[in-house]
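Architecture and fold: a report
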Amino acid sequence: MGTLDKGGVMKRNRKLLCAALVVALALFCLVSPVDAWNSHGACTKIIISDQEWLKAYDTITITPWTYEDVDTATIGPNFVVQYIEGKPGTVTSASAILTNYADEPDWKMDQDLKLSPFQALTGGSQGWRHQYYGLGWLRFGVAPSRAQYFFDLAGKARQYYGLGWLRFGVAPSRAQYFFDLAGKAREKGDLYWTFRYLARAMHYVQDTTQPYHGVPAPVGLIFKGIGNFGALMGSATNHHYNLEEYQGAMVARSSPVFVTALQNAPPLDIATATSPSWLCRHAAYLGRPVVRELWPLETTFFGDSVNGKDSWLFDTSTVHVADSGTVQATYDLEISTPLGRMSSYTKTLFLLARAAYGL
Ligand SMILES: [Zn+2]
């Protein structure tokens, strides 16, 4: 950079910024949205195992949905309200509601909708509501000196193009929407819908803790991939899916690293983490640099196929709990941080709900 004058540096920065934006936008267009973390229900069951307060709500009468006046956000045309534990009038528990409906927002609730002219950037309406992509990651995933460089670059973006920090997706406002509806149900004394709406809010908070829901690939690779874009897009999708398949398989096998991460993560202080929206934005922010660590471990553990252009899925049927000192053990440890965040942020959401609704 030393040989360039100030004008030359600015020109080069603008060129680099344009290239980065084009690649990033194209990636957002082409990486299809997937459900975050494999089975919210299975993870939630472990997460709530230390939530003693839930035991006070072990007998809740199932009530029909009567929130037409306040629950007015559009829903997918093929979404059907299900009653898994039994018909209205029968009895369930808060733990069962939270576990059974942790995945409900993935049951066509947010599919086939026209929500935003930009929703194609996240792969459709479900991607739009379940993710929170940000270009703020330009600041992360690079060595400290480069971080300052990209930070300056982003500053110029504001200056020249008025972009600010672009965000794609509305997961934070969806979490907030259902959290507020849980409050309305609580006001009516309807414990069933209090916990069912809370389960939905929880889903969006949990989604944003999956690192690939914050950014599709490491920044360095996005820059390198400019010349071979199809391959970059294919590998980004493979990394995303394989992380989730593997994580689901390891939870199903009760891998101690995964179970411990889900069980033992403490909640945040709600004086700082003040809302479900805050939890989502913060989770996406912290997850983005993790992608840079996950990617090379996935390449080593899964093999080169994960980096291929073609869709490829690791055969999890023969996978076993990691032996110590292996690449798999290192990968497990890296996953355990955002997985612990899934747990921590879920428990923080419960603290917020208890404080707000007196549960
Ligand atoms: Zn989701």
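Residues numbered from 1 in each chain as written. Predicted model: local features only at pLDDT ≥ 70, side-chain atom pairs only at ≥ 80, totals over all residues. Heavy atoms only, no water.

Here we look at the packing of aromatic side chains
Counted only if it meets this: Pairing of aromatic side chains requires ring centres within 6.5 Å, counting the rings of Phe and Tyr and the six-membered ring of Trp. Pairs whose planes differ by under 30 degrees are stacked, by over 60 edge-to-face, and all others tilted. Placement of a charge over a ring requires the Lys NZ or Arg CZ to be within 6 Å of the ring centre, with the centre-to-atom vector within 35 degrees of the ring normal.
Scanning the entire structure with this criterion turns up 26 aromatic pairs. Centre to centre, the rings of Y177 and F178 are 5.0 Å apart; their planes meet at 75 degrees, and the pair counts as edge-to-face. Grouped by ring-pair contacts, the aromatic residues Y67, Y83, Y177, F178, Y192, W193, Y197 and Y204 constitute a single cluster. The ring of Y67 is capped by K188, whose NZ or CZ atom sits 4.1 Å from the centre of that ring.

Here's the deal with the packing of helix 7 (residues 191-208) against helix 12 (residues 327-357)
Which entries qualify depends on this criterion: What counts as an axis is a line fitted to C-alpha atoms, over the stretch in contact for a helix, and the angles between N-to-C directions run from 0 to 180 degrees. Helix and strand definitions follow DSSP, with helices as H or I runs of at least four residues and strands as E runs of at least two, each counted in order from the N terminus. Rotating anticlockwise by less than a right angle from the far helix to the near helix defines a left-handed crossing, while the corresponding clockwise rotation defines a right-handed one. Any two residues whose heavy atoms approach within 4.5 Å at even a single point are treated as in contact. Residue classes follow a fixed rule: Ala, Val, Leu, Ile, Met, Phe, Trp, Tyr, Cys and Pro count as nonpolar, while Asp, Glu, Lys and Arg count as charged, and any other residue, Gly among them, counts as polar.
The contact between helix 7 and helix 12 brings their axes to 10 Å, and the two run at 145 degrees. Two packed elements cross with a definite hand, and for helix 7 against helix 12 that hand is right-handed. Contacts between helix 7 and helix 12 involve T194, L198, A201, M202, V205 and Q206 from the former and M342, Y345, T346, L349, F350, A353 and Y357 from the latter. Its residues assigned to classes, the contact of helix 7 with helix 12 shows 10 nonpolar, three polar and no charged.

Describing the nonpolar core
Heads up, the condition is: As used here, the term nonpolar core means buried Ala, Val, Leu, Ile, Met, Phe, Trp, Tyr and Cys residues forming a set that is joined through side-chain atoms within 4.5 Å. Summary of the burial criterion: residues with accessible area below 20% of their type's maximum are buried, those above 50% are exposed, and those between are partly exposed, where the area comes from a 1.4 Å probe applied to protein chains only.
Core analysis: the largest hydrophobic core is formed by 42 residues, its most contacted members being F179, F195, Y197, L279 and L349. When contributions to this core are tallied by element, the ones reaching two or more residues are helix 3 (94-100), helix 6 (171-187), helix 7, helix 11 (276-302) and helix 12. Here this core takes 10 residues from helix 7, the largest share from any one element. Look past the residues within four positions of F179 in its chain and what remains in contact with it is L198, A201, P276, L349, L352, A353, A356 and Y357.

Things to note about the coordination of the zinc ion
Counted only if it meets this: Only nitrogen, oxygen and sulfur atoms qualify as donors, provided they sit within 2.8 Å of the metal or within 3.2 Å for Na, K and Ca; with water excluded from the atoms, sites may seem incomplete.
Within the protein, D106 (OD), H130 (ND1), H203 (NE2) and D207 (OD) serve as the donor atoms for the zinc ion, at 2.2 to 2.6 Å. Expressed as a motif, the donor residue spacing for the zinc ion is D-x23-H-x72-H-x3-D. With D106 in the loop between helix 3 and helix 4 (125-130) and H130 in helix 4, the pair connects residues that are 24 residues apart, well separated along the chain. Using a relative accessible area of 13% as the deciding quantity, one classes D106 as buried. Classification of H130 as buried rests on a relative accessible area of 2%.

A short note on the confidence of the model for the protein
In low-pLDDT regions, the fine details of the predicted coordinates are not to be read closely. The cut-off we apply is this: Confidence scores labelled pLDDT are given residue by residue by the predictor and lie between 0 and 100.
Summary statistics for the protein give a mean pLDDT of 84 and a share of 80% for residues scoring 70 or more. This stretch, residues 28-34, has a pLDDT under 50; its non-local contacts, to residues over four places away or in other chains, come to 28 contacts. Low pLDDT, under 50, characterises residues 136-164; the predicted model gives this stretch 45 contacts beyond four residues in sequence or across chains.

Notes on the pattern of salt bridges
How we decide: Every case where a carboxyl oxygen of Asp or Glu lies within 4 Å of a side-chain nitrogen of Lys or Arg is listed as a salt bridge.
Using the criterion set out here, one finds seven salt bridges in the structure. Between R196 and E104 there is a salt bridge; the shortest N-O distance is 2.5 Å. Of this pair, R196 sits in helix 7 while E104 sits in the loop between helix 3 and helix 4, placing them 92 residues apart in sequence. Just as R196 is buried, E104 falls in that class too. Note that D110 is salt-bridged to R129, the shortest N-O span being 2.7 Å. Residue D110 is found in the loop between helix 3 and helix 4, and its partner R129 is found in helix 4; the two are separated by 19 residues along the sequence. The network of salt bridges with common partners includes E104, R196 and R200.

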